Amino acid sequence: GAVVSQHPSRVICKSGTSVKIECRSLDFQATTMFWYRQFPKKSLMLMATSNEGSKATYEQGVEKDKFLINHASLTLSTLTVTSAHPEDSSFYICSARKEGGLYYEQYFGPGTRLTVT
Amino acid sequence: DAKTTQPNSMESNEEEPVHLPCNHSTISGTDYIHWYRQLPSQGPEYVIHGLTSNVNNRMASLAIAEDRKSSTLILHRATLRDAAVYYCILRDRTYKYIFGTGTRLKVLA
């Protein structure tokens, strides 16, 4: 099966600092990856679509200058939370779209728990 | 907005079948119906998907109504490891997933 990894799995940072989260597709190439955030006991909320070699597409209400997305290769997308604040504390999950064949499927990473103190 | 509605929670006894319903009355002809499940502090895990016909795999079965406005995920024999939040999602041509609230399944020993 297809595997998506995230690094780090957990991170604690101080308010005002920036944090980078990596999302990698380990055994397939992905021109499209997605970033979600999830608050406790809530559902996943799509933040943005990450496109390899081009700018990310952000969902309404998501600050693109706050959440910087870079998709520099077919196996890696990064999400940088800039000038983090306690309200940015959340569970961040990425997914990668596996292409080829007649059907496209998405595979999710294990998530990154961000705590901003 | 999410295009699917599901009950917030359901309970099942271990070793018994579970039927998880999902309504998607605004589904379009090209939308695929996907089911994922999420264990605590983990990313969602693919369960099954379908378009029009009923589908079976090693994890579950998916029954799709003839008008495609609803579907049911069937776990044939629930185990304690099946306790999770189950999400029914419509995948359109943009490939974006808009998650609804999901159904929290509790399996009783």
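Data block above holds the structure.
The paragraphs below set out a description of the structure included in this document.

About the cut-offs
Residues numbered from 1 in each chain as written. Chains lettered and ligands numbered in written order. Predicted model: local features only at pLDDT ≥ 70, side-chain atom pairs only at ≥ 80, totals over all residues. Heavy atoms only, no water. Contact = heavy atoms within 4.5 Å. Buried area = accessible area lost by both parts, 1.4 Å probe. Salt bridge = Lys/Arg side-chain N within 4 Å of Asp/Glu carboxyl O. Polar contact = N/O pair within 3.5 Å; in protein donor to acceptor, adjacent residues only side chain to side chain. Helix = DSSP H or I, 4+ residues; strand = E, 2+ residues; numbered from the N terminus. Nonpolar A, V, L, I, M, F, W, Y, C, P; charged D, E, K, R; others polar. Pairing = 2+ DSSP bridges. Core = buried A, V, L, I, M, F, W, Y, C linked by side-chain atoms within 4.5 Å. Buried < 20%, exposed > 50% of the residue type's maximum accessible area, 1.4 Å probe, protein only. Phe/Tyr/Trp six-rings, centres within 6.5 Å; stacked < 30°, edge-to-face > 60°. Lys NZ or Arg CZ within 6 Å of the ring centre and 35° of its normal.

**Remarks on the interface of chain A and chain B**
Interfaces are frequently sized by the accessible area removed from exposure as the parts join.
Phase 1 of the analysis: Taken together, the contact pairs 21 residues of chain A with 19 residues of chain B.
Phase 2 of the analysis: Of the roughly 1600 Å² buried between chain A and chain B, counting both surfaces, carbon and sulfur atoms make up 54%.
Phase 3 of the analysis: Scanning the region where chain A abuts chain B turns up one salt bridge.
Phase 4 of the analysis: Counting across the chain A and chain B interface gives seven residue pairs in polar contact (both at pLDDT 80 or more).
Phase 5 of the analysis: Mapped by element, the contributors of at least two residues to the side of chain A that touches chain B are strand 4 (32-38), strand 5 (44-51), strand 9 (90-98) and strand 10 (105-108) of chain A.
Phase 6 of the analysis: Each residue belonging to the side of chain A that touches chain B can be placed in one class, and the counts come to 10 nonpolar, five polar and six charged.

**Some thoughts on the pairing of strand 7 (residues 67-73) of chain A**
Residues and elements named next belong to chain A.
Phase 1 of the analysis: Both strand 7 and strand 8 (residues 76-81) contribute to a ladder of five bridges, which runs antiparallel. Of the residues in strand 8, the one forming a bridge with L68 is T80.
Phase 2 of the analysis: Taken together, strand 7 and the strand that follows it, strand 8, pair antiparallel across an intervening segment of two residues.

**A few points about the nonpolar core**
Phase 1 of the analysis: Ranked by size, the top nonpolar core spans 26 residues in total, and within it V4, F28, W35, F67, L79, Y92 and L114 of chain A carry the most contacts.
Phase 2 of the analysis: Those elements that place two or more of their residues in this core are strand 2 (10-13), strand 3 (19-25), strand 4, strand 5, strand 7, strand 8, strand 9 and strand 11 (112-116) of chain A.
Phase 3 of the analysis: If sequence neighbours within four positions are ignored, F67 of chain A has contacts with R37, M47, Y58, V62, L79, T80, V81, D88 and Y92 of chain A.
Phase 4 of the analysis: With 20 residues, the next largest nonpolar core counts I27, A60, L75 and L90 of chain B among its residues.

**Considerations on the packing of aromatic side chains**
Phase 1 of the analysis: The final tally for this structure, using the stated rule, is 11 aromatic pairs over all chains.
Phase 2 of the analysis: Aromatic side chains Y36 of chain A and F108 of chain A sit 5.6 Å apart centroid to centroid with 45° between the ring planes, which places their arrangement in the tilted category. One end of the pair, Y36 of chain A, is in strand 4; the other, F108 of chain A, is in strand 10, and 72 residues separate them in sequence. F108 of chain A carries the same exposure label as Y36 of chain A, and that label is buried.
Phase 3 of the analysis: With a centroid separation of 6.3 Å and an interplanar angle of 45°, the aromatic rings of F67 of chain A and Y92 of chain A are classed as tilted. Placement of F67 of chain A in strand 7 and of Y92 of chain A in strand 9 is noted, with a sequence separation of 25 residues between them.
Phase 4 of the analysis: When the ring centre of Y95 of chain B is taken as reference, the NZ or CZ atom of R97 of chain A above it lies at 3.9 Å.

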